[in-house]
Amino acid sequence: MSPAPARAATPACTGAGLAQAPLDREAGHALLADLAGPGAAATLGGLDALAPGFPDWIVTSLFGGTYQRPGLALRDRQVANLAALTALGGVEPQLADHVRYSRRIGLTEAEITEVMVHLAPYVGLPKALAGLRVATATFAEVTEAAESTESTEATEATEAEA
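Throughout, a residue's number is its position along its own chain's written sequence, starting from 1. In view of the model being predicted, local features appear only for residues whose pLDDT reaches at least 70, and side-chain atom pairs are presented and counted only at 80 or more, with totals across whole chains, interfaces and linings using the full set of residues. Excluded from the side-chain calculation are hydrogens and water; included are all heavy atoms of the structure.

A word on the layout of surface pockets. For the largest pocket, the calculated volume is near 500 Å³. The pocket and cavity definitions rest on a 1 Å grid over protein atoms only: a 1.4 Å probe that fits but cannot leave marks a cavity, an open set with protein on both sides within 12 Å along at least five of seven lines marks a pocket, and residues lining either have an atom within 4 Å of a point. Forming the boundary of the largest pocket are 17 residues, of which Ile58, Leu62, Phe63, Gln94 and His98 lie nearest the centre. The secondary structure listing takes helices from DSSP runs of H or I that are at least 4 residues long and strands from runs of E that are at least 2 residues long, numbered from the N terminus. Mapped onto the lining of the largest pocket, the elements with two or more residues apiece are helix H3 (54-63), helix H4 (74-88) and helix H5 (92-104). Broken down by class, the residue content of the lining of the largest pocket amounts to 10 nonpolar, 5 polar and 2 charged. Grid points are joined across faces, edges and corners, and a volume is the space filled by probe spheres set on the points. Each pocket or cavity is described by its volume, and for the second largest pocket that value is around 260 Å³. If you trace the second largest pocket, you find it lined by Leu35, Ala36, Pro38, Gly39, Thr43, Asp97, Arg100, Tyr101, Arg103, Arg104 and Val142. Contributing elements (two or more residues each) for the lining of the second largest pocket: helix H1 (25-36) and H5. A per-element tally of the lining of the second largest pocket places H5 first, with 5 residues. Three classes are used, and their members are as follows: Ala, Val, Leu, Ile, Met, Phe, Trp, Tyr, Cys and Pro are nonpolar, Asp, Glu, Lys and Arg are charged, and the others, Gly among them, are polar.

Okay, structure coming up:
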């Protein structure tokens, strides 16, 4: 049996106007800071102590790479992330993070809820329900944190006036 003929390497994703993803560490960290807000550093927790360099790779390749590609708005990328993480299941911490990110960039609770409901016939009712539970808990956490911040600011303002 003769060996298969050698094939010339084809350029990656050059059709349909697709561009290669850049790898921009600074842009990745800046985007994560925009998405995660003041808690950006805690987003990846103590992962660097366990797996040195892994959080930087995540931020650089995802937020500084894939997210930097042209072709989809950040809002569209977040809807895709919500759908993918809900469909995947078993990734509740990451789904909660992306629910928070989605809220920070302007998706409403109703829109996020509708993403989960829309998924039910495609990914199954149990996964859609699990996604709704994560979203509901995250909405409550975000509301509680906002109320706590407002209460603290009001107390500080009252004390400053006195």
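That shown, we press on.
The span expected for a helix works out to 1.5 Å for each residue beyond the first. For H4, which comprises 15 residues, the first-to-last C-alpha distance of 21 Å matches the rise-based estimate of 21 Å (1.5 Å per residue) to within 8%. Listing the buried residues of H4 in full gives Arg77, Gln78, Leu82, Ala83, Leu85 and Thr86. Residue contacts are counted whenever heavy atoms from the two residues lie within 4.5 Å of one another. For H4, the elements touching its buried residues are H1, H5, helix H6 (109-123) and helix H7 (125-161). Buried residues are those whose accessible area, probed at 1.4 Å on protein chains only, stays under 20% of the maximum for their type, while exposed residues exceed 50% and partly exposed ones sit between those limits.

Turning next to the pattern of salt bridges. The term salt bridge refers to a pairing of a side-chain nitrogen on Lys or Arg with a carboxyl oxygen on Asp or Glu at a separation within 4 Å. For the structure on display, the rule yields 4 salt bridges. The closest approach of N and O atoms between Asp97 and Arg100, which form a salt bridge, is 2.7 Å. Here the residue Asp97 and the residue Arg100 both occupy positions in helix H5, the gap between them amounting to 3 residues, near one helical turn. With a shortest N-O distance of 3.3 Å, Arg100 and Glu141 are connected by a salt bridge. You can see Arg100 sitting in helix H5 and its partner Glu141 sitting in helix H7, a full 41 residues away along the chain. A single network of salt bridges, built from pairs that share partners, joins Asp97, Arg100 and Glu141.

Before going further, it helps to examine the confidence of the model for the protein. The share of residues in the protein with pLDDT of 70 or more is 90%, and the mean pLDDT across the chain is 86. A residue's pLDDT is the confidence the predictor assigns to it, expressed on a 0 to 100 scale. Across the protein, the secondary-structure element scoring lowest on mean pLDDT is helix H2 (residues 47-50), at 86, and the one scoring highest is H6, at 98. A low-confidence stretch, residues 5-12 stays under pLDDT 50, and its non-local contacts, those more than four residues away or across chains, total 1 contact.

With that out of the way, let us pick up the side chain of Thr86. Within the fold, Thr86 resides in helix H4. Thr86 has contacts with Leu95, Met116, Leu119, Lys127, Ala128 and Gly131, leaving out every residue within four places of it along the chain.

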